[in-house]
Amino acid sequence: MRVLLTGHQGYLGTVMAPVLAAAGHDVVGLDTGWFAGNVLGPVPTDPPTLTRDLREVTVADLEGFDAVIHLAALSNDPLGSLAPEITYDINHHASTRLARLSKEAGVGRFLYSSTCSVYGAAGSGLVAEDAELAPFTPYAVSKVRVEADLLDLADDSFTTVSLRNATAFGFSPRLRADIVLNNLVGYALLTGEVLVKSDGTPWRPLVHAADIAEVFTAALEAPAETVQGKALNVGDERNNVTVAEIAEAVASVTGAEVRITGEAGNDPRSYRVDFSLLRRTLPTARVRHSILDGARELVTAYRTHGLTAADFENRFVRLARIRELQEAGALDAGLRAP
Ligand SMILES: NC(=O)c1ccc[n+]([C@@H]2O[C@H](COP(=O)([O-])OP(=O)(O)OC[C@H]3O[C@@H](n4cnc5c(N)ncnc54)[C@H](O)[C@@H]3O)[C@@H](O)[C@H]2O)c1
């Protein structure tokens, strides 16, 4: 299939583009390139690229594609809360507009990268896709809104699927240090301590970036009637863990000491997620990597490629990178190139 992958120069997109290509798809990427040069290790080869802001996409950009996989976003809660109106602008309005224009351009399938953050504080019972949604942040609210808009657009000519990813982990050349496992491993190697700035009790489902890529590929290729209009949690129950358990896994791989500060964190999210619908709907998509697999992989990658404190605190932190672009005058307050 000819596929447009938005956000292909981000953390997940950099892993997903080669997986799609290896499955025989003809991939074109679309990205503003905010993180394109921030790479750990060898520079990846990107697919042909449209350097575009999502907010400027036209129908002409979308013609000739069989499918759009939409990853581009202000991609986490701190970033979303920094500037809620820009988050709604990009993550909600521009995303829904992209879907509408895709349909207009004759694109047949639209895969949307949503999040398990839509469940908010769900306690310790397992939540499935039909659970009540309780998004806390502009980031999570935007995801809920786009999912609803996609259902309005879905019809026989336009298949939409919302893939609610667990929190990702694992190596990507365009690394993120601001997601929990990647963060704890990096901090442990740099300081000798696994630092948990909470009481460690919140539940977090995790999933490896490569497993997300495999699930999206399966959703791209599945018969339309099996996925049409579905929201699917992306992950596996064995990676439903508490933050303290993640810290223990990191300690066992790095030899660093765990320190749990016990402070009340400012992130109220806690949810354990049921992934059985994913297995029933896309039985060929395997979620393979455990948290220990990811921790070992990250230790090797960080050591091999020489992760530094500056990388860890700035180059691979979304918020720090956006601020750097603003200070350099490359982005204005609305996150547009002046
Ligand atoms: N990483 C996770 O843990 C996780 C978990 C659940 C869902 N998701 C979702 O998956 C998607 C990808 O996440 P990621 O971790 O790769 O994020 P990322 O921040 O690493 O990458 C996002 C990419 O989108 C691009 N982008 C942002 N705004 C844009 C705009 N207006 N126009 C064009 N390009 C723009 C950025 O330049 C970047 O390359 C996001 O939608 C995110 O919400 C991620």
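These numbers were taken from a predicted model, which means no experiment stands behind them.

J.: Can you tell me about the pattern of salt bridges, naming the residues and giving the values?
T.: Following the criterion strictly, the structure yields 18 salt bridges and no others. Among the salt bridges present, the one from aspartate 89 reaches arginine 336, with a minimum N-O distance of 3.9 Å. Of this pair, aspartate 89 sits in helix α4 (residues 84-104) while arginine 336 is found in the segment after α13 (318-327), placing the two residues 247 residues apart along the sequence. Overall, the relative accessible area of 27% leaves aspartate 89 in the partly exposed class. For arginine 259, the salt bridge goes to glutamate 193, with nearest N and O atoms at 3.0 Å.

J.: An account of the packing of helix α6 (residues 180-191) against helix α11 (residues 291-305) is needed here, citing residue identities and associated values.
T.: Following both chains from N to C, one finds α6 and α11 inclined at 50 degrees, their axes separated by 10 Å at the closest point. With respect to each other, α6 and α11 are oriented oblique. Crossing geometry of α6 relative to α11 is assigned as right-handed. Contact residues: α6 offers Leu181, Asn182, Val185, Gly186 and Leu189, while α11 offers Ile291, Gly294, Ala295, Leu298, Val299, Tyr302 and Arg303. Taken together, the residues that form the contact of α6 with α11 break down as eight nonpolar, three polar and one charged.

J.: Can you break down the nonpolar core residue by residue, with the values?
T.: Of all hydrophobic cores here, the largest spans 43 residues; its most connected members are Met16, Ile69, Leu163 and Leu282. Among the secondary structure elements, those contributing two or more residues to this core are β1 (2-6), α1 (11-22), β4 (67-70), β7 (159-165), α7 (209-221), β11 (230-234), β14 (270-273) and α10 (276-281). Per element, the largest residue contribution to this core is eight residues, and it comes from α7. Among the nonpolar cores identified, the runner-up in size contains 32 residues, and Ala83, Leu98, Val107 and Val146 belong to it.

J.: I'd like a rundown of the side chain of serine 172, residues and numbers included.
T.: Of note, serine 172 is situated in the loop between β8 (167-169) and α6. Polar side-chain contacts of serine 172 include one of 2.8 Å to the backbone oxygen of tyrosine 11. Dropping the residues within four chain positions of it, serine 172 is found in contact with Gly10, Tyr11, Thr14 and Val15.

About the criteria used
Residues numbered from 1 in each chain as written. Predicted model: local features only at pLDDT ≥ 70, side-chain atom pairs only at ≥ 80, totals over all residues. Heavy atoms only, no water. Salt bridge = Lys/Arg side-chain N within 4 Å of Asp/Glu carboxyl O. Helix = DSSP H or I, 4+ residues; strand = E, 2+ residues; numbered from the N terminus. Buried < 20%, exposed > 50% of the residue type's maximum accessible area, 1.4 Å probe, protein only. Axes fitted to C-alpha atoms, helices over the stretch in contact; angles between N-to-C directions. Parallel < 35°, antiparallel > 145°, perpendicular 65-115°, else oblique. Left-handed = near helix turned anticlockwise from the far one by under 90°. Contact = heavy atoms within 4.5 Å. Nonpolar A, V, L, I, M, F, W, Y, C, P; charged D, E, K, R; others polar. Core = buried A, V, L, I, M, F, W, Y, C linked by side-chain atoms within 4.5 Å. Polar contact = N/O pair within 3.5 Å; in protein donor to acceptor, adjacent residues only side chain to side chain.

Function cannot be inferred from these measures alone, as they are strictly geometric.
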